[in-house]
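Spelled out from the first residue to the last, the chains are:
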Amino acid sequence: MSAPTMLRSRVTAPTPQRCLAAADQLLRGAGPLGAQAVDAGWWPRACACLIRLALEGGVDGYWRRVRPAVAECQQGRAKHLMLGGRLGPGRPVARRVAYAWAALSAATHHHCYELAPTAAELRRLHTEVTALLARLDRTDTTPADHGAD
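Residue indices begin from 1 for each chain and proceed along its sequence in written order. Per-residue local features of the predicted model are confined to residues with pLDDT of at least 70, and side-chain atom pairs are confined, for both listing and counting, to 80 or more; whole-chain, interface and lining totals are unaffected and use all residues. By convention in this description, side-chain values take in all heavy atoms of the structure and omit both hydrogens and water.

Asks: Provide a residue-level description of the overall build of the protein, including the pertinent values.
Replies: Scanning the protein from terminus to terminus reveals 8 helices and 0 strands. In sequence order, the secondary structure elements of the protein are arranged as α-α-α-α-α-α-α-α. A fraction of 70% describes how many contacts in the protein between residues 6 or more apart in sequence connect residues 24 or more apart. Only the protein chains shown count as cover for residues, with accessible areas throughout obtained via the Shrake-Rupley method and a probe of 1.4 Å. In the structure as shown, the protein presents an accessible area of about 9,000 Å², 59% of it carried by carbon and sulfur atoms. Per the convention used, a helix needs a DSSP run of H or I reaching at least four residues, while a strand needs a run of E reaching at least two, with both numbered from the N terminus. Here, two residues are considered to be in contact whenever any of their heavy atoms come within 4.5 Å of each other.

Here it is in structure tokens:
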């Protein structure tokens, strides 16, 4: 077995659940990197990145299950916009996904004039993404109700 093949066999893809679990460890200052991350001060942005990866993975998983052709699209923005469409879970869920993604994206970028997100802000986003992933997992392939919300 060649070295690249051996490496691939040991590395597992970061599932949304694994990303959320790692983010939770950072929020608690636990796990293999938790204490080191807290001491070094880089944990807020790393945590936000992990939560955003979980959200993106959950949206991809939804589209792989419901409409594989959409899952093949390379544009994450298009996948998010389509959540509110006829094939998606509806506008309320699409809006929540858009808000969470925007908040997490802002939190992952370092600006010298902005503070890093707080643990409370990240915990709230972690909770919201966990709820969104559960909602996307429960959504079947029937068209969503797109009435007034």
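Asks: An account of the state of the cysteines is requested, with residue identities and associated values reported.
Replies: Whenever a pair of cysteine sulfur atoms sits within 2.5 Å, that pair is classed as a disulfide. Applying the stated criterion across every chain, the model contains 0 disulfides. C49 supplies the cysteine sulfur nearest to C19, a cysteine that is in no disulfide, at a spacing of 8.4 Å.

Asks: Outline the packing of aromatic side chains, supporting the account with residue identities and numerical values.
Replies: Pairing of aromatic rings covers Phe, Tyr and Trp, the last counted by its six-membered ring, and requires centre-to-centre distances within 6.5 Å; plane angles under 30 degrees mean stacked, over 60 mean edge-to-face, and any other angle means tilted. Applying the stated rule across the entire model yields 1 aromatic pair. Summarising the aromatic geometry, the rings of Y62 and W63 are spaced 4.9 Å apart at their centres and angled 75° between planes, so their arrangement reads as edge-to-face. Burial here depends on accessible area, computed with a 1.4 Å probe over protein chains only, as a share of the maximum for the residue type. Under 20% is buried, over 50% is exposed, and the range in between is partly exposed. The exposure class assigned to W63 is buried, which follows from its relative accessible area of 0%.

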